[in-house]
Amino acid sequence: MKSNDKKSFTKREWIQLIITLTIAQAFFWYAVFENSQSASALGYVSFAGTLVSIILAVLAIGYTYGESVSQKNKGDGLASQISTLGSLIESVELEAKSLEKIQDIAKELSSFIGGYRKDKEASEDHLQYIKNNISVLTSLKSSSSNNKEIEFVGPNWPVQKILKNRSPLDEACYLMLLIIEHNQDGMGLKNMAKHLEGILSKTPMELSPKFFHGALFTQYSLLLNLGFIEEEEGYSFQVKDDLREFILNNMVTPSSTPPKEGTYDEMIHNLYKEVNSLN
């Protein structure tokens, strides 16, 4: 605050001033009473009394005006505080709505995290299932079903070594080769999708038929290079008798119990039945 600012009278100071002037007027009245016989003194006192009355009236008016201004300022201050309070209430309401939104977001995040964990666990279980099935698919088997060695005719043919260490996928490919050979109509593997459409309509792990088409091409090329398959005119081919005999008589061991649904054993079982129905 600046040093030249004037302080307004307090209520106590106003009362003191009024009392002082009242005492002064009383003194003048007393002087008038004592000098009531003197016309000159009476005139001065009367003038002084009138002057004091005027001054008191002016002071009363000034006091009343000051009080009204003070009350007005207090009212304005109270209105400003009420307005500020209203703004604060609006701000609190906005913050409360924001908090509700944050709580909703937190609930959605919690739900998302829970769903993510469940999906992650399901994905891990499915991945493990695929790994187990791939392991079964590619695991090697012994070619001897009755603990006896299979003899093959032909010089330097590694039949026993190849067919002894085979996987379920290899067995499925050998059986599919016999089916395609029987139905090739001079087109060989070119029409494999048509001949295997019904057989591959249901596969382990719901694998695409194209997966088995690729595996079949690979086995065909391997067996062709090793001399187990002979290509004929056009796209036709013929499986050698030694390999055919092994596939039909020694590769698959008949089981009295039906294979579990959706497994490679079921697929091989169905392929074996299909091959036997061709003969």
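Up top you'll find the structure we're talking about.
Note that the structure is a prediction, hence the values are computed from the model and not measured. (Residues numbered from 1 in each chain as written. Predicted model: local features only at pLDDT ≥ 70, side-chain atom pairs only at ≥ 80, totals over all residues. Heavy atoms only, no water.)

With respect to the packing of helix α4 (residues 168-183) against helix α7 (residues 241-251)
Threshold: Lines fitted to C-alpha atoms define the axes, with helix axes restricted to the stretch in contact, and inter-axis angles between N-to-C directions lie between 0 and 180 degrees. Where helices and strands are cited, they refer to DSSP runs of H or I of at least four residues and of E of at least two residues respectively, numbered from the N terminus. Orientation is classified from the angle alone, with under 35 degrees giving roughly parallel, over 145 giving roughly antiparallel, 65 to 115 giving roughly perpendicular, and any other angle giving oblique. Crossing chirality is assigned from the near helix's rotation relative to the far helix, an anticlockwise turn below a right angle marking it left-handed and a clockwise turn marking it right-handed. We call two residues contacting when some pair of their heavy atoms lies within 4.5 Å. Residues are grouped as follows: Ala, Val, Leu, Ile, Met, Phe, Trp, Tyr, Cys and Pro are nonpolar; Asp, Glu, Lys and Arg are charged; all remaining types, including Gly, are polar.
α7 packs onto α4 with a crossing angle of 125 degrees between their chain directions and a minimal axis gap of 11 Å. When the axes of α4 and α7 are compared, the pair comes out oblique. The interaxial crossing formed by α4 with α7 has left-handed handedness. Side by side, α4 and α7 meet where Glu171, Tyr174, Leu175, Leu178 and Glu181 of the first sit next to Arg244, Ile247, Leu248 and Met251 of the second. Grouping the amino acids of the contact of α4 with α7 by side-chain chemistry returns six nonpolar, no polar and three charged.

Some points on the nonpolar core
Where we set the bar: The criterion is simple. A nonpolar core is a set of buried Ala, Val, Leu, Ile, Met, Phe, Trp, Tyr and Cys residues joined through side-chain atoms within 4.5 Å. For every residue, the accessible area obtained with a 1.4 Å probe (protein chains only) is divided by the maximum for its type, and the residue is called buried under 20%, exposed over 50%, and partly exposed between those limits.
Among the nonpolar cores identified, the biggest contains 34 residues, and Met176 and Leu216 are the most heavily contacted of them. Breaking this core down by element, the ones donating at least two residues are α4, α6 (209-226), β2 (237-239), α7 and α8 (264-278). Apart from residues lying up to four places away in sequence, Met176 is in contact with Leu196, Leu200, Phe212, Leu216 and Leu271.

So, the pattern of salt bridges
Side chains that differ in charge, positive against negative, can pair when their charged atoms come close. Operational definition: In the sections that follow, a salt bridge refers to a side-chain nitrogen of Lys or Arg positioned within 4 Å of a carboxyl oxygen of Asp or Glu.
With the rule as written, the count across this model stands at three salt bridges. Asp76 is paired through a salt bridge with Lys72; the nearest N and O atoms lie 3.1 Å apart. Pair noted here: Asp76 and Lys72 are both in helix α2 (residues 39-138), with a separation of four residues, about one helical turn. Looking at Asp76, the relative accessible area reads 41%, which means it is partly exposed.

Topic: the packing of aromatic side chains
Stated precisely, the cut-off is as follows: Two rings from Phe, Tyr or Trp (for Trp, the six-membered ring) form a pair when their centres sit within 6.5 Å of each other. Planes less than 30 degrees apart are called stacked, planes more than 60 degrees apart edge-to-face, and all others tilted.
Scanning the entire structure with this criterion turns up three aromatic pairs. Centroid distance Tyr220 to Phe237: 5.2 Å. Interplanar angle 75 degrees. Geometry classified as edge-to-face. Note that Tyr220 is positioned in helix α6 and Phe237 in strand β2, a separation of 17 residues in sequence. Taking relative accessible area as the criterion, Tyr220 reaches 8% and is therefore assigned buried. Residue classification places Phe237 among the buried positions, given a relative accessible area of 1%.

Brief notes about α8
Going by this rule: Expected helix span is taken as 1.5 Å per residue step, with the number of steps being one fewer than the number of residues.
The first and last C-alpha atoms of α8 sit 21 Å apart over 15 residues, in line with the 21 Å expected at 1.5 Å per residue. Taken together, the buried positions of α8 are occupied by Tyr264, Glu266, Met267, Ile268, Leu271, Tyr272 and Val275.

Some remarks on the packing of α4 against α8
Following both chains from N to C, one finds α4 and α8 inclined at 25 degrees, their axes separated by 9 Å at the closest point. Between α4 and α8, the angle is such that the two are roughly parallel. Here the hand of the crossing between α4 and α8 comes out left-handed. Each of Pro168, Glu171, Ala172, Leu175, Met176, Leu178, Ile179 and His182 in α4 lies in contact with α8, whose residues at this interface are Tyr264, Met267, Ile268, Leu271, Tyr272, Glu274, Val275 and Leu278.

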